[in-house]
Amino acid sequence: MDDQKERMLSGQLYRDNDPELVAERRRCQALLDRFNATRSDEEDTRQEILSALLGGIGTGSWVMPRFQCDYGYLIRLGDNSFINYDAILMDCARITVGNDVSIGPRAQLLTALHPMDDHEARRQRWETAAPIVIGDNVWMGGGVIVCPGVTIGPDTVVGAGSVVTRDLPARVFAAGNPCRVIRELPSTDTHGQAHGG
């Protein structure tokens, strides 16, 4: 493994113009070009491309074009999860999406960070990345932006257009910019019956 790739995956400062990283992004873009050019009746072809592109895709999960990411292999989707049109998953760090997740159109999951205080490092294109985790049964409305290092707990709903800058707990409705918890959501049993608490 090249030093810059190792630095990227370990959350250290790295430069993305490293030849190995450039080659991996080109491979990813070639697969995305094929995926995004598929017709609506080519579901099997889409699944084949996603299997080659992503680090893992669970049973019954699907992604709608147009889809964009940097590397692909750092993204894992659980079972029965859905990513709607025009999603951008900037996977310079791992992005883990649980089971039964629904991600609305034009969502952005962004792992990349640039130096804030070190202006010279930013000028020289140094960056870092922090992983994103989306728990089981999360629903994210259209246009949601999830920032680097964020974890969203299971059964949480994120309102459309929200910018999630910090972790969200399980079973809440959260919305806004910056996103904040609006209220708790009831727990349910396996048949969808609500319980207090």
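Residues numbered from 1 in each chain as written. Predicted model: local features only at pLDDT ≥ 70, side-chain atom pairs only at ≥ 80, totals over all residues. Heavy atoms only, no water.

Engineer: Please clarify how the sheet that holds strand β16 (residues 151-152) should be interpreted in this entry.
Structural biologist: The strands making up a sheet associate through backbone hydrogen bonding, with each pair oriented either parallel or antiparallel. With parallel pairing, 5 strands are arranged side by side in an open sheet as β2-β5-β8-β13-β16. Each edge of the open sheet is held by one strand with a lone partner, namely β2 (56-57) and β16. Strand direction decides the pairing type here: strand β8 (residues 95-97) and strand β13 (residues 132-134), joined by 3 bridges, are parallel. Across the sheet, the residue bridging to V97 is I134, located in β13. (Pairing = 2+ DSSP bridges. Helix = DSSP H or I, 4+ residues; strand = E, 2+ residues; numbered from the N terminus.)

Engineer: Looking at this structure, I do not really get the nonpolar core. What am I missing?
Structural biologist: Core analysis: the largest hydrophobic core is formed by 37 residues, its most contacted members being F67, M140 and I152. Secondary structure elements with two or more residues in this core: α2 (19-36), α3 (43-53), β4 (67-69), β5 (75-77), β7 (87-90), β8, β13 and β18 (163-164). No other element matches the 4 residues that α2 contributes to this core. (Core = buried A, V, L, I, M, F, W, Y, C linked by side-chain atoms within 4.5 Å. Buried < 20%, exposed > 50% of the residue type's maximum accessible area, 1.4 Å probe, protein only.)

Engineer: Would you mind showing me how to read unusual backbone geometry here?
Structural biologist: Leave glycine aside and you will find that most residues have negative phi; peptide bonds, for their part, are mostly trans. Here the bond from P65 into R66 is cis, since omega is 5°, no more than 30 degrees from zero. Relative to the helices and strands, R66 is located in the loop between β3 (62-63) and β4. Look at the link from N177 to P178: it is a cis peptide, with omega at 0°. When you line up the elements, P178 lands in the loop between β19 (172-175) and β20 (180-184). Not every positive phi belongs to a glycine, and R125 is a case in point at roughly 70°. By the secondary structure assignment, R125 is in the loop between α4 (119-123) and β12 (126-129).

By themselves, these observations are geometric and do not establish any function.
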